[in-house]
Each structure stands twice: as C-alpha cells, then as structure tokens.
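# Tertiary structure, described
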Amino acid sequence: MDEEAVVKFVETYLKKKGFKQAELAFHEEIQQQQKQQQSNSSNAINIQSDPDLSSLLHSLSQPEDSPARYQDEYGRLRTWAYSSLDLYRHELLRVLYPVFVHCYMDIVAKGHIAEARNFFNSFCEDHEMMHSRDLQKLEGVLSPSHLEEMEFAHTLRQSKVNIKICQYSNELLMQYLRKSKSTIILGIINEHINFQVSPGQPISISDDPDAVTLIVSSQDAANQINKKKYIGGSIAFLLEDSLEERLEKTGGFLSDSEKTEGETKDGDMEENKKRSIDGGKQGASIKKSKKDKAASATAKVVRTEANTVPAAPRVKPELPLPVMPTEVEQSILEDLRNRVQLSSATLPSVSFYTFINTHNGLNCSSISHDGSLVAGGFSDSSLKVWDMAKLGQQAGNSILQGENDTAPSEHVLGPNSGKRSYTLFQGHSAPVHSATFSPLGDFILSSSADTTVRLWSTKLNANLVCYKGHNYPVWDVQFSPVGHYFASASHDRTARIWSMDRIQPLRIMAGHLSDVDCVQWHANCNYIATGSSDKTVRLWDVQSGECVRIFIGHRSMILSLAMSPDGRYMASGDEDGTIMMWDLSSGRCISPLMGHNSCVWSLAFSCEGSLLASGSADCTVKLWDVTTSTKAAKTEENKSGNTNRLRLLKTLPTKSTPVYALRFSRRNLLFAAGALSKPTTIKA
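Residues numbered from 1 in each chain as written. Predicted model: local features only at pLDDT ≥ 70, side-chain atom pairs only at ≥ 80, totals over all residues. Heavy atoms only, no water.

As a further point, take the overall build of the protein. The secondary structure content of the protein amounts to 20 helices and 32 strands. In the protein, which comprises 684 residues, the share counted as buried stands at 49%. For the protein, the accessible surface area stands at approximately 33,200 Å², while carbon and sulfur atoms represent 50% of it. (Helix = DSSP H or I, 4+ residues; strand = E, 2+ residues; numbered from the N terminus. Buried < 20%, exposed > 50% of the residue type's maximum accessible area, 1.4 Å probe, protein only. Areas by Shrake-Rupley, 256 points an atom, 1.4 Å probe, with all protein chains shown as cover.)

Put into structure tokens, the structure is as follows:
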C-alpha cells in the first residue's frame, strides 16, 4: 500500500467520524512531511512492511455497514475460538451461533441480500448439527421486511440469549475483541447476548449439558465407541424362559384340545375382560378351535425357521430384581400358555383405542401390558386412566367396529353424560408428555414439562412419589422390563436411571448434543437406548453410565425406539417417517423401513420378535416382517455388502386417528391408541 492510499484512508476515516480538528492537524502534518521529503527522501512512510497496520487501516476505512466487515470480523472470531485452549474452547464456541445469526440478520437489514447469502453459505455448516431447524427458518429471511413480518426473526431480534461462561473465558473474549478492534461483534454481543459469568474454572464439556458445542462426533469417533464391549442377548432366569424350556421338554406348546379346555374354563370368569381386551371377540369354541389349529400349524413352521438361526444368549441382569408375587406368575403363565405364534402368514389381531373430544389436548398415551388399562397425558397437566373392563360394562361408552378378525376394532374413549368414566390423577403443574405402566399394571409413571416424574398407584389412585432431578421438561419415561427401575429423557440433554424406592437418580447419561426425546430399555435390563434431536441414537451401559454404541444415519430427530425380545436388534423411528433397524452388536443399520409419510410415534416388537409394528402421525399402523428380512439382509451383506429392506406385510389405516402408542400383550394381541383428529377438507 503506497503513501497516497494511506493518506486517503485516514482522511476518509476522520471525515466519517466528524473529527474536523484532527483532520486539519493531519493535513498540516502531511504538508510538513512533504516539505521534509523534499529535503530528505528517507523520511517517507513505508507501510508495506507492516501488514497488520495495513489490514487495520483497510478495515477502518470501510463503512460500518459494509458486509465485508461482518465477514472479516466473524471469520477472525471463529478462527480465534477454535484455536483457543481446550479448557475454555467449548465455552467460547457457544458465542459463535448467536453472533452468526445476528451478523446475517444485520446484513439483511442493511439490504445486502447477495452478501448475506454469501455470509450464510460460508459459515452455516458449523451450526447444522445443532441448529438445522433454525437455519432452515433463517435461510428464508431474504429481505428487511422479513425481519418484522416473520415471527422467528422478529423474536430473535428483540430477545437476548443467555450464555453460561466462566469469568476467565469472559475476560479472554473481551480482551480479544478490544485488541482486534472487532467493534461490530462487540456491538452484537452487548445488544443480544447476556453472559451469566460464574467464578472459577469452566465446567468440563462432559458435565455440562447446556454447552452448545460445535464439535460434532464424526463417523470415525462413533466407530471407536462402537468397538467397546457389549454383551447382548435376552434376560435370563425369567418366568417366560423357564416355561418355554418346560414346554419344549414336554413336546412344545400345548395342544389344541388343551388350549380349548383352558380357554373354556376361564371364559366365564373373564368374559368382560376378554370383551375389552381382545377387541370384542365373542369367543365361540368352534371359532377358537379353528384359530388355534391354524396358529398351531403356523407356530410349527415358525419354530422350524427359528431353529436355523442360533438362539440369542441368556444374560443375567446386573441390577437386583424385585420378587414377583405368586398370583402374578400364574397370570403370566396362563398368558404364555395361550400365546399366538405370529409370522408373516399369521398377523396379529389389533384392538385400537380412540380418544375423542380431546380438543388437541392429548400429548401422550400408554397401554398396560394386558390391555386392561389405558392412560392419557394432557396439556392441562392431568393424567387420566381408563379401565377397559369397567368401560365395557357401561352402556354407550364402548363402541366396537371390527368388521372381521384381521381389521382393528375401535374402542372410543370419551366423556358420558353420567358418572366420570376415568380416574383422574392430578399433581403435575405443566403438560404431561409421557406415561408408562409397570409390567404388572399396579403403577404408572408420568413425566411433565414441570421437570418432574411422578409415580402413581393404580390401586390406590394416588400419587406416591415425585422424582426431581432434571432441569428442563422431561419428554419420556419408561419402566424397565422387570419393573422397579425406570429411565427418563429430558430437554436438558441427559437421560437418567431411577429406582422406585429412591428420589435421586442412580445414573446420569450425558453426551447427546440436543434434547433426548425418547428412551427404551434393553431386553436384559443392562442397557438403555436414547434417541435425540441431534439425529443419533446412543446405547448406554446401566452399571457404568458409559456410552457403548452410537447409531448414526437418521436425518431428523428420533421420536421412538423399540428393542427386540432377543436383545439383538433395535428399531428407531424419526420425524420424517423413516424407521431404521440396527444390529446392536456391530452398531450398523441392517435395513431402513420406508413407508410412513409422517412422524413415527411408536414402535413395538411382537413377543417372539418376528414382527415389528409401527404407529405414525399419518394415521396408519404398519406391520413389518423382521425375521425373514434380517436373514436376507445378513445374507446379502455377506455376499455383496448391500442390505435389503424389511418387508411390509400390511398397512392398517385408522379413521383420521394418529397413532400415539402401540403394545403387544403377552398373548401377542396388538393394542394401539390415538386421538381422533378432524380430517382436513380441501375446498374446490
């Protein structure tokens, strides 16, 4: 840069700032220097030897609303933050996203649309993992008028972001901004960011769920984690195992005549229960006998196919298990004795419970293991539980609309003109987002936006315990397969393990980069899986609290999870309607399931693991063939490295009812629940 250019830059700067006296003094000094140059040429100013000064003068000469200054200052801040010490880096990186957003909106506000797009495209990749939804909205802000018309942009412009940062990190940032003369960035921080400065050293990144880091786990890092020790298999020493072993030793499952005798004996005692649970089937002995024969024949085929696949190992749970009452053992044995063996040729009967007149207030639904109880969590902070046996006895309260045995029968749940048909549980102070029954149905857990989880007794109809530990809304809660223990998932980006007899969590699983939206227990109770808005699923060791698997492949937030009964596979459903089947041992995706066109809210494996049911916001229940498809996928993968897709067996549409919950009973009857929504009519 020559001397004349420097003089022009300085003059431009002084005029822009209105420093008239300084401008006059500068002119006088330049004139004196010119006189001295005539006598002594060695006094010439050589700015080329100082690139930093040249860059500074160039930036100062730019108008304050120049997009180039935004690009330059943000780029230098980004480079500085990423090159800072590891101890403070995760705190300093939090500043980048809000600064990026407001830089972009400032450039748009000044009318430089092309420059704003260039700025957005240059740096948006840094924030796609954590803020993909916001970036899609931000990308639509293309004119100054959008900043006022679009609620998203208007809210961002008018609000401040709270960022937690330690005192030393704050001092480092302020020192850098002053030293680098980053006046634009400094102005954005003063106007739109509120630092919550804490004394002492920064919290480590692993212990800080609020850290908005831009350090994304790559596939290589996930592969390293997926090499950790994992012991799969189903749970050992359960009642089901001992019964199946005894039945196999005595010649397999019970004969048709024994089944018919047992069902006829219990038919009178459980007539009302069967009407509500089995979808209103009349239970005629001739009809049942035909069904049992068909099921028995199909079961032999299924067992023959299953024998070709090595049985999953039995794994003893590391958690101490509760003692099961004798009467409960007898009930479970009876259910197992009458279990229908499902396959691609023998699909389950479906009993669908429909909530009506919810006025968009139903947030979640849950069904007990035997289908006798149905719970709903509502936006008014209430939890309501319906007893199907009692509901079936009330005239006008149960509507059965099953045309044939394979079509779903619908029970309509709604208020009647007389006595209240449900049990009301009140205690939460914010919307209820999840509910889950214990395996025996005597307890129910609910999670809420009030950051708590509550335990209720279905026998006493009372709240027993309020579990506090999460700092933000709790999106999901799930009982373990044996009861007593449960897991919760929250907006604070953690999952927690609890036991019913302790008010503090036993384990805290931290590692997700965004909300933990759903949680599911492994069949052997030694692991839990968590699905997150960061588009990943993680598998955690319950004893150590360590992440042992990361499953990467979804393109949107994960909303539902299901574990196969043998502990080998996991299914996950996302917001886009995609379902993925994962091999837990290798951490790889076996096959994607494409068919739903909206959110997959619920997944459930049949008791023997041969079928997968999926429920979606597209108002359908879909049944998938798991056994044959996983075999084909493994065979093709071994041959060519490609995987095959799971086979869709059947689609069961509902009457404009999004499917909130699915549950296979121990007898392999499929229960489903959802809230009736008004169909949208398109006017010509």
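All chains considered together, the criterion is met by eight salt bridges. Across the pair Asp106 and Arg157 runs a salt bridge, and its minimum N-O distance is 2.6 Å. Pair noted here: Asp106 is in helix α6 (residues 96-109) and Arg157 is in helix α10 (residues 151-158), with a separation of 51 residues, a long-range link. Put simply, Arg647 and Asp625 hold a salt bridge, and the shortest N to O gap is 3.0 Å. Highlighted residues: Arg647 in strand β30 (residues 647-653) and Asp625 in strand β29 (residues 620-625), separated in sequence by 22 residues. Judged by its relative accessible area of 44%, Arg647 is partly exposed. Using a relative accessible area of 3% as the deciding quantity, one classes Asp625 as buried. (Salt bridge = Lys/Arg side-chain N within 4 Å of Asp/Glu carboxyl O.)

All right, on to helix α1 (residues 3-17) then. Between its first and last C-alpha atoms α1 spans 21 Å; for 15 residues at 1.5 Å apiece the expected length is 21 Å, and the two agree. Three or more residues of α1 are buried, namely Val6, Val7, Glu11 and Leu14. Each buried residue of α1 lies within a common arc of 130 degrees when the element is viewed along its axis, so the set occupies one face. Of the residues trailing α1, Gly18 is marked for its positive phi of about 80 degrees. (Expected span 1.5 Å × (residues − 1). Arc of directions from axis to C-beta.)

Let us now look at the packing of aromatic side chains. This structure, assessed with the given rule, holds 19 aromatic pairs. Aromatic pair Tyr467 and Trp498: ring centres 5.8 Å apart, planes at 65 degrees, arrangement edge-to-face. Linking Tyr467 in strand β14 (residues 462-468) with Trp498 in strand β17 (residues 494-499), this pair joins segments that are 31 residues apart in sequence. Both residues of the pair, Tyr467 and Trp498, belong to the buried class. Clustering of aromatic rings is evident, with ring pairs tying together Tyr74, Phe100, Tyr104, Phe119, Phe120 and Phe123. Note that Lys384 overlies the ring of Phe378, its terminal NZ or CZ placed 4.7 Å from the centroid. (Phe/Tyr/Trp six-rings, centres within 6.5 Å; stacked < 30°, edge-to-face > 60°. Lys NZ or Arg CZ within 6 Å of the ring centre and 35° of its normal.)

Here the focus is the UniProt feature "repeat: WD" (unreviewed entry) in the protein. The UniProt feature table records "repeat: WD" (unreviewed entry) at residues 425-457, 467-508, 509-550, 551-592 and 593-634. When the span residues 425-457 is considered, its composition is 0% helix and 61% strand, and the gap between its end C-alpha atoms is 10 Å. (UniProt positions renumbered as here; feature names shortened; annotations may be inferred.)

A word on the pairing of strand β21 (residues 536-541). β21 sits mainly inside the fold: six of its six residues count as buried. Judged by which residues are buried, β21 turns out to be covered on both faces: Thr536, Arg538 and Trp540 on one side and Val537, Leu539 and Asp541 on the other are all buried. For strand β20 (residues 527-532) and β21, the ladder comprises five bridges, and the chain directions are antiparallel. Its bridge partner lying in β21, Ile528 is registered against Trp540. The hairpin turn running from β20 into β21, its antiparallel successor, is three residues long, and Lys535 in that turn takes a positive phi close to 75 degrees. Pairing of β21 with strand β22 (residues 547-552), which is carried by five bridges, proceeds in the antiparallel orientation. Bridge pairing in β22 places Val537 opposite Phe551. Joining the antiparallel neighbours β21 and β22 is a turn of five residues, in which Gly545 adopts a positive phi near 75 degrees. (Pairing = 2+ DSSP bridges.)

Next up on the list: the confidence of the model for the protein. Mean pLDDT over the protein stands at 76; residues scoring 70 or higher make up 71%. Confidence drops under pLDDT 50 across residues 205-218; counting only partners more than four residues distant or on other chains, this segment forms 35 contacts. This stretch, residues 635-644, has a pLDDT under 50; its non-local contacts, to residues over four places away or in other chains, come to 13 contacts. (pLDDT = per-residue confidence, 0-100. Contact = heavy atoms within 4.5 Å.)

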